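# Structural description and commentary
Take a look at the letters that make up each chain.
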Amino acid sequence: EVLAAGHDRLWATGGEIPPGQIHPSRLFAPGEAPTFNPLLAVQVDRSIEPITAIGFVGESRAYFRRTQTYVHEGDGPDNSSNGSWTTPRTAYSDVGALGPEGLALISSGLLFQSPAGIRLLGPGGGLQPIGHPVDAVAQGLSLAGTLVSGADQEVRFYARTGSTLVYNYQYDIWTTWDVTAAGVARNPDTGLATLANPRGYLWDETDDVWTDAGRPYNH
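Residues numbered from 1 in each chain as written. Predicted model: local features only at pLDDT ≥ 70, side-chain atom pairs only at ≥ 80, totals over all residues. Heavy atoms only, no water.

### Digging into the overall build of the protein chain
Test applied: For helices the rule is a DSSP run of H or I covering at least 4 residues; for strands it is a run of E covering at least 2, with both sets numbered from the N terminus onward. C-alpha atoms define the radius of gyration, and 2.2 Å times the number of residues to the power 0.38 defines the globule rule. When accessible area is computed with a 1.4 Å probe and restricted to protein chains, residues below 20% of their type maximum are described as buried, those above 50% as exposed, and intermediate ones as partly exposed.
For the protein chain, the helix and strand inventory stands at 1 helix and 21 strands. In terms of C-alpha radius of gyration, the protein chain reaches 18 Å, essentially the compact-globule figure of 17 Å for 219 residues. On the principal axes, the C-alpha backbone points of the protein chain span a range of 60 × 40 × 30 Å. Here the protein chain, with 219 residues, has 45% of them falling under the buried criterion.

### A few points about the pattern of salt bridges
Heads up, the condition is: Within this document, salt bridges are pairs made up of a side-chain nitrogen of Lys or Arg and a carboxyl oxygen of Asp or Glu, the two lying within 4 Å of each other.
Per the counting criterion, the structure on display carries 6 salt bridges. Residue Arg156 pairs with Glu154 through a salt bridge whose shortest N-O separation is 2.9 Å. Accessibility expressed as a relative area gives 2% for Arg156, which makes it buried. Glu205 serves as the salt-bridge partner of Arg156, at 2.8 Å between the closest nitrogen and oxygen. On the criterion of sequence distance, the pair formed by Arg156 in strand E14 (residues 154-159) and Glu205 in the loop between strand E19 (202-204) and strand E20 (210-212) is long-range, its members being 49 residues apart. Exposure class is identical for Arg156 and Glu205. Each is buried. Here the residues in one salt-bridge network are Asp152, Glu154, Arg156 and Glu205, joined through shared partners.

### Some remarks on the sheet that holds strand E6 (residues 60-64)
The condition is simple: Two strands pair if DSSP finds at least two bridges between them. Every axis corresponds to a line fitted to the C-alpha atoms, with the helix fit spanning only the stretch in contact, and the corresponding angles, defined between N-to-C directions, vary from 0 to 180 degrees.
The sheet built from 4 strands is open, its strands ordered E5-E6-E7-E8 with antiparallel pairing. Of all the strands in the sheet, just strand E5 (53-57) and strand E8 (89-92) have a single pairing partner and so form its edges. Pairs of neighbouring strands in the sheet enclose a mean axial angle of 30 degrees, with direction left out of account.

### As for the layout of surface pockets
In this approach the atoms are scanned with a rolling probe the size of a water molecule, which exposes any empty space left behind. To keep things clear, this is the line we draw: Definitions used for this entry: grid spacing 1 Å over protein atoms alone; cavity, a set of points where a 1.4 Å probe fits but cannot get out; pocket, an open set with protein on both sides within 12 Å along at least 5 of 7 lines; lining residue, one with an atom within 4 Å of a point. Grid points are joined across faces, edges and corners, and a volume is the space filled by probe spheres set on the points. Only Asp, Glu, Lys and Arg are considered charged in this grouping, and only Ala, Val, Leu, Ile, Met, Phe, Trp, Tyr, Cys and Pro are considered nonpolar; every other residue, Gly among them, is considered polar.
Quantified by volume, the largest pocket comes out at close to 170 Å³. Taken together, Leu3, Ala4, Ala5, Ile54, Gly55, Phe56, Leu103, Ala104, Leu105 and Leu110 form the lining of the largest pocket. Secondary-structure elements contributing two or more residues to the lining of the largest pocket are strand E1 (2-6), E5 and strand E9 (104-106). Across the lining of the largest pocket, the residue classes tally to 9 nonpolar, 1 polar and no charged.

### Brief notes about the side chain of Thr194
Note the threshold: The term polar contact refers here to a pair of N or O atoms within 3.5 Å; inside protein, the definition further demands a hydrogen-donor-capable atom paired with an acceptor-capable atom, and it admits residues adjacent in sequence only when both atoms are side-chain atoms.
Along the chain, Thr194 turns up in strand E18 (residues 193-196). Engagement of the side chain of Thr194 in a polar contact is seen with the side chain of Asp204, the distance being 2.7 Å.

### Focus on the side chain of Thr146
Counted only if it meets this: Only heavy atoms matter for contacts: two residues are in contact if any of them lie within 4.5 Å across the pair.
By the secondary structure assignment, Thr146 is in strand E13 (residues 143-149). One polar contact links the side chain of Thr146 to the main-chain carbonyl oxygen of Leu103, over a distance of 2.6 Å. Every residue in contact with Thr146, bar those within four places of it in the chain, is listed here: Glu101, Gly102, Leu103, Ala104, Arg156, Phe157 and Val184.

### So, the pairing of strand E3 (residues 21-24)
Alternating residues of E3 divide into Gln21 and His23 and Ile22 and Pro24, and every residue in both groups is buried. As paired strands, strand E2 (residues 9-13) and E3 are joined by 2 bridges and run antiparallel to one another. Counterpart to Ala12 in the pairing with E3 is His23. Here 2 bridges tie E3 to strand E4 (residues 42-43), and the two strands are oriented antiparallel to one another.

Worth remembering: the numbers are spatial, not functional.
Right under this line is the structure:
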């Protein structure tokens, strides 16, 4: 099952939804609960291969399978059923995304983890092998989530085991961290990362040395 929020809708696929279909919610404003109407369903194609991720780049949406990428433009029907969906087009028949955990939106486009490594889907639909320096590592990573740090101009691909990948998109530099996580979220109070530690603790990122049960560590 995949859920994604963007373009003023909540998007769902998988589970009880037929393969190849994506169900967007009706348009909703902040503070409103999203509601669904089956007449709004988007039929990507008739393949039984599941949709693995849904992302947003510019005015377009990207629908991913493991080895395929589709691009979909248009606002679709409004809440009064005015308008219609355009047909999703196949952008790449040999490159897709492993899952939603590897998606990250930066100024130059949408980053995602493909079976071959990290790739960048630009606003115009162009594909760049931006992660080629770390593809050998990225291919085998099981990601728990990503976090974009605007202050540091970097994207962090947090892995459940092994090495976490960090991409500084200001200087186009990759590095690895030995920190791992079972999940990641942005701390609303500090704007920094909060990690779910595999051992059952929460780690709060700071700019200083922090302690885990009395033991110091650097994030």
